[in-house]
Amino acid sequence: MTVERLPQNLPGRLPGRLPVRQILCLLPLALVAVVAVRHRSVLAEGFGHLASAKWPWLLAAAAATCLTWVAAAVTRQGALVQRLPRRRLLATQFAAGAANHLLPTGLGASAVNLRFMTVCGVPLARSSSALALYMLAESVARVGLLLALLIAFPDALRISELVPDGAVGPLLLAVGAAACVAVTVLLLVRRVRTVVFGFLRTALGEARSVHARPARALALWGGSFSFPLLQAAGLAAVGQALALPVPPLHMAVAYLAATVAVALVPTPGGIGSVEAALIVALVAAGGPVALATAVVLAYRVITVWLPLLPGALTLGALVRLKMI
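### Digging into the nonpolar core
Logical step 1: Core analysis: the largest hydrophobic core is formed by 47 residues, its most contacted members being Val 238, Leu 278 and Leu 282.
Logical step 2: Those elements that provide at least two residues to this core are α3 (55–78), α6 (124–152), α10 (214–241), α11 (248–262), α12 (273–284) and α13 (289–320).
Logical step 3: It is α13 that contributes the most residues to this core, 11 residues altogether.
Logical step 4: In contact with Leu 282, not counting residues within four places along its chain, are Leu 235, Leu 244, Val 246, Met 251, Ala 254, Gly 287, Ala 292, Val 295 and Val 296.
Logical step 5: Within the second largest apolar cluster, 30 residues are counted, among which are Val 81, Ala 99, Leu 220 and Val 319.

Okay, here's the thing in structure tokens:
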């Protein structure tokens, strides 16, 4: 009697088929290629402006950009009581930056960090609470800095150029309508109410635990304020490199105003919307349109396009090493 041998190539392991993890490693690089091709004219123009800029200021902008990843890592650790591995946390923020520019704003970085905390053994409820606390602290810090600078420098922006006539009323109406819809759904749909209230209880408990530890609270709020300040410093440095006739502090106000305004636009990494908002804000701060455009394009090349490929490679490596 002969015994038939089972086939060696079972479903899911066909010859030449790439493992799922290897496909995930290559996906960020494919997305980088697609985004770069779609924005090739912006890239070419941005690099052209960099060629004529003052290099010491460009190096300062690059250094500020690198420090934003450190600030993000400090803030992420401050939002969680459990200690995370420092080097892996910093590498994850670098990779999360690339993911954030390839997916709708905030979604890429949140997904990478959520997966990283899960791999580190943090329960899903606590890691989700840490993400929410991070986003809340960063938003409060960004808006707080903007309000403080507007009070200190009330003439930094010509508000009339930022908000068209007759746009305030419809904008407030839309915001109020969205808030009413959210409250109505929360009150009428019991399942949604249960999920939201359960998450809020967990999030508030995590927030109390974090603020009970001075080191964690300092990391959370220190990193939250440092992150937008470093981003604004990078834009101011590029403005100095291209001789934009706007004071650095006014450029910081313009940056914060533009990023706060564009936060609700769900484009990958704010690509397109951030550029437009920054140009409008710099013009409102007193910069010529052509030079403001050059500054924004050069700034986005330094902060987005140059780190994008190494960030994607880091993301693929972390996936391959099962660190996320």
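### A few points about the packing of aromatic side chains
Logical step 1: Enumeration according to the criterion identifies two aromatic pairs in this entry.
Logical step 2: Considering the side-chain rings of Trp 69 and Phe 94, the 4.7 Å spacing of their centres and the 65° angle between planes classify their relative orientation as edge-to-face. Linking Trp 69 in helix α3 with Phe 94 in helix α4 (residues 86–102), this pair joins segments that are 25 residues apart in sequence.
Logical step 3: Both rings, one in Tyr 255 and one in Tyr 299, keep their centres 6.1 Å apart while their planes meet at 75°; by these two values the pair is edge-to-face. Here Tyr 255, found in helix α11, pairs with Tyr 299, found in helix α13; they are 44 residues apart in sequence, far enough to count as distant. Tyr 299 matches Tyr 255 in its accessibility class, with the two residues each being buried.

### Details of a nonpolar patch on the surface
Logical step 1: Judged by side-chain polarity, Val 181, Val 183, Val 185, Leu 187, Leu 188, Val 189 and Val 192 come together as a nonpolar surface patch covering roughly 610 Å² of accessible area.
Logical step 2: With five residues, helix α8 (residues 168–188) is the single largest residue contributor to the nonpolar patch.
Logical step 3: The topology assignment puts Val 181 in helix α8.

### Some words on the side chain of Thr 65
Logical step 1: Mapped onto the elements, Thr 65 comes out in helix α3.
Logical step 2: Residue contacts for Thr 65: discarding those within four places in its chain leaves Ile 302 and Thr 303.

### What about α12?
Logical step 1: Its 12 residues place the ends of α12 16 Å apart at the C-alpha level, agreeing with the 16 Å of an ideal helix rising 1.5 Å per residue.
Logical step 2: Here α12 lies mainly inside the structure; nine of its 12 residues are buried.
Logical step 3: Downstream of α12 by a residue or two, Gly 286 has a phi angle that is positive, lying close to 110°.

Parameters at a glance
Residues numbered from 1 in each chain as written. Predicted model: local features only at pLDDT ≥ 70, side-chain atom pairs only at ≥ 80, totals over all residues. Heavy atoms only, no water. Core = buried A, V, L, I, M, F, W, Y, C linked by side-chain atoms within 4.5 Å. Buried < 20%, exposed > 50% of the residue type's maximum accessible area, 1.4 Å probe, protein only. Helix = DSSP H or I, 4+ residues; strand = E, 2+ residues; numbered from the N terminus. Contact = heavy atoms within 4.5 Å. Phe/Tyr/Trp six-rings, centres within 6.5 Å; stacked < 30°, edge-to-face > 60°. Patch = residues over 30% accessible without salt bridge, like charges linked within 9 Å, V, L, I, M, F, W, Y side chains within 5 Å. Areas by Shrake-Rupley, 256 points an atom, 1.4 Å probe, with all protein chains shown as cover. Salt bridge = Lys/Arg side-chain N within 4 Å of Asp/Glu carboxyl O. Expected span 1.5 Å × (residues − 1).

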